[in-house]
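Residue-level listing of the chains:
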Amino acid sequence: MKQNKSLSTLLPLLSLLLGESCLRMRRILYAKAVDATGLLVSGTALEWEIYLLSILALGLFAAASRKQEGKILTSSVTALGQLVGAVGIGWTALRYPGEMPGLLGNLWRILGIVSALCLIWSAFCTFRGKTPQFLVLLAPCLFWLVHLVDNYRGWSGVPQLQSYLFALLGTMTMTLFSYYTAAGAVGLGKPRRLKFTALAAGYLCAAAAMPGKNQILYLLSALWALSSL
């Protein structure tokens, strides 16, 4: 039992540590492997090391998630993580506009504000030992889904995979993590999938937290996902 508890504590910390290491490697890559036009020099050893680290980390999380049994525990740490996630989403939605003009951009901002409020309520319920309502937990999932759509045109227009890969994968895993969290509230949860998406989101979002508009969003979302474990 003590060994299982130690492992459950180690994995989220390892996910965050590896994600931060990947972020540092990416920042070094952009500092030292850029040509005269501002584009990355493709095929460098550091770039391949980043991809290899990511493959190994996700493989490790997939293997560790196969042993997940029972329910994800609720605790004060989980509640604190939900508050951290609320700050990340709310700060970004209030401070910045959506990437797409018109309806989609406005929907992104509205869902961001609603999701932040829902996560605050979720934290209150979790702290009291109660399961938040399904619709409250579903709001962040809808936000991440719209975030994916809102940013996809910009990502697909970038010629270099390294420039958007981690943001894309981080958004996808946060969408799935939020979905499995909401599904758990109505008895349809998948603990193994929730564990994997939480660990993967922690790593990928930490690696995606490059300076810019979404830095706080990805970094605090990584902490939110990992706190669920």
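Quick look at the structure, then. (Residues numbered from 1 in each chain as written. Predicted model: local features only at pLDDT ≥ 70, side-chain atom pairs only at ≥ 80, totals over all residues. Heavy atoms only, no water.)

1. What to know about the overall build of the chain
Turning to step 1, where the next piece is worked out: Looking only at helices and strands, the chain features eight helices and zero strands.
Turning to step 2, where the next piece is worked out: Considered along the principal axes of its C-alpha atoms, the chain spans approximately 55 × 45 × 25 Å.
Turning to step 3, where the next piece is worked out: Within the chain, the fraction of its 229 residues that count as buried is 47%.
Turning to step 4, where the next piece is worked out: Within the chain, contacts between residues separated by at least 24 positions form 76% of all contacts whose residues are at least 6 apart in sequence.
Turning to step 5, where the next piece is worked out: About 12100 Å² of surface is accessible on the chain, with carbon and sulfur atoms providing 68% of the total. (Helix = DSSP H or I, 4+ residues; strand = E, 2+ residues; numbered from the N terminus. Buried < 20%, exposed > 50% of the residue type's maximum accessible area, 1.4 Å probe, protein only. Contact = heavy atoms within 4.5 Å. Areas by Shrake-Rupley, 256 points an atom, 1.4 Å probe, with all protein chains shown as cover.)

2. Looking at a nonpolar patch on the surface
Turning to step 1, where the next piece is worked out: A cluster of nonpolar side chains, Leu80, Leu83, Leu94, Ile113, Leu117 and Ile120, forms an exposed patch at the surface whose accessible area comes to about 570 Å².
Turning to step 2, where the next piece is worked out: Of all the secondary-structure elements, those providing two or more residues to the nonpolar patch are helix H3 (76-95) and helix H4 (103-127).
Turning to step 3, where the next piece is worked out: Counting through the fold element by element, isoleucine 113 comes out in helix H4. (Patch = residues over 30% accessible without salt bridge, like charges linked within 9 Å, V, L, I, M, F, W, Y side chains within 5 Å. Salt bridge = Lys/Arg side-chain N within 4 Å of Asp/Glu carboxyl O.)

3. Let's talk about H3
Turning to step 1, where the next piece is worked out: Compared with an ideal rise of 1.5 Å per residue, which puts 20 residues at 28 Å, H3 spans 28 Å between its outermost C-alpha atoms and is within 8% of the ideal.
Turning to step 2, where the next piece is worked out: Of the residues making up H3, those classed as buried are Thr78, Ala79, Gly81, Gln82, Gly85, Ala86, Gly88, Ile89, Gly90, Thr92 and Ala93.
Turning to step 3, where the next piece is worked out: For H3, the elements touching its buried residues are H4, helix H5 (134-156) and helix H8 (215-227). (Expected span 1.5 Å × (residues − 1).)

4. A closer look at the environment of leucine 226
Turning to step 1, where the next piece is worked out: Checked against the element boundaries, leucine 226 lands in helix H8.
Turning to step 2, where the next piece is worked out: For leucine 226 and valine 77, which are 149 residues apart along the polypeptide, the C-alpha to C-alpha distance reads 9.8 Å.
Turning to step 3, where the next piece is worked out: Leave out the neighbours within four places in its chain, and leucine 226 touches Pro12, Ser15, Leu16, Ala198, Leu199 and Gly202.

5. Notes on helix H7 (residues 191-208)
Turning to step 1, where the next piece is worked out: In a regular helix each residue adds 1.5 Å, so 18 residues correspond to 26 Å; H7 covers 25 Å between its end C-alpha atoms and thus fits that length.
Turning to step 2, where the next piece is worked out: Within H7, 14 of the 18 residues are buried, leaving the element largely enclosed by the surrounding structure.

6. Regarding the pattern of salt bridges
Turning to step 1, where the next piece is worked out: Going through the model one piece at a time under the given rule, you end up with one salt bridge.
Turning to step 2, where the next piece is worked out: The shortest N-O distance in the salt bridge between glutamate 99 and lysine 213 comes to 2.9 Å. Placement of the pair is glutamate 99 in the loop between H3 and H4 and lysine 213 in the loop between H7 and H8, with a sequence separation of 114 residues.
Turning to step 3, where the next piece is worked out: Since its relative accessible area comes to 43%, glutamate 99 is described here as partly exposed.

7. So, the packing of aromatic side chains
We describe a pair of aromatic rings using the distance from one ring centre to the other and the angle between the two ring planes.
Turning to step 1, where the next piece is worked out: Within the structure shown, the criterion is met by seven aromatic pairs.
Turning to step 2, where the next piece is worked out: It is lysine 213 that lies over the ring of tryptophan 108; its NZ or CZ is 4.8 Å from the centre. (Phe/Tyr/Trp six-rings, centres within 6.5 Å; stacked < 30°, edge-to-face > 60°. Lys NZ or Arg CZ within 6 Å of the ring centre and 35° of its normal.)

8. A few points about the state of the cysteines
Turning to step 1, where the next piece is worked out: Here the structure, examined in full by the defined rule, presents zero disulfides.
Turning to step 2, where the next piece is worked out: Not engaged in a disulfide, the cysteine cysteine 125 finds its nearest cysteine sulfur in cysteine 118; these two sulfurs lie 10 Å apart.
Turning to step 3, where the next piece is worked out: Judged by its relative accessible area of 7%, cysteine 125 falls in the buried class.
Turning to step 4, where the next piece is worked out: Free cysteine cysteine 141: the closest other cysteine sulfur is in cysteine 118, separated by 12 Å. (Disulfide = S-S within 2.5 Å.)

9. Describing the nonpolar core
Turning to step 1, where the next piece is worked out: Grouped together as the largest cluster of nonpolar side chains are 50 residues, with contacts concentrated most on Trp144, Phe166, Met174, Tyr203 and Tyr218.
Turning to step 2, where the next piece is worked out: Mapped by element, the contributors of at least two residues to this core are helix H1 (2-32), helix H2 (45-65), H3, H4, H5, helix H6 (165-184), H7 and H8.
Turning to step 3, where the next piece is worked out: Looking at which element gives the most residues to this core, the answer is H7, with eleven residues.
Turning to step 4, where the next piece is worked out: Other than its neighbours up to four places away in sequence, phenylalanine 166 contacts Cys22, Arg26, Ile50, Ser54, Tyr203, Leu204, Ala207 and Ala208. (Core = buried A, V, L, I, M, F, W, Y, C linked by side-chain atoms within 4.5 Å.)

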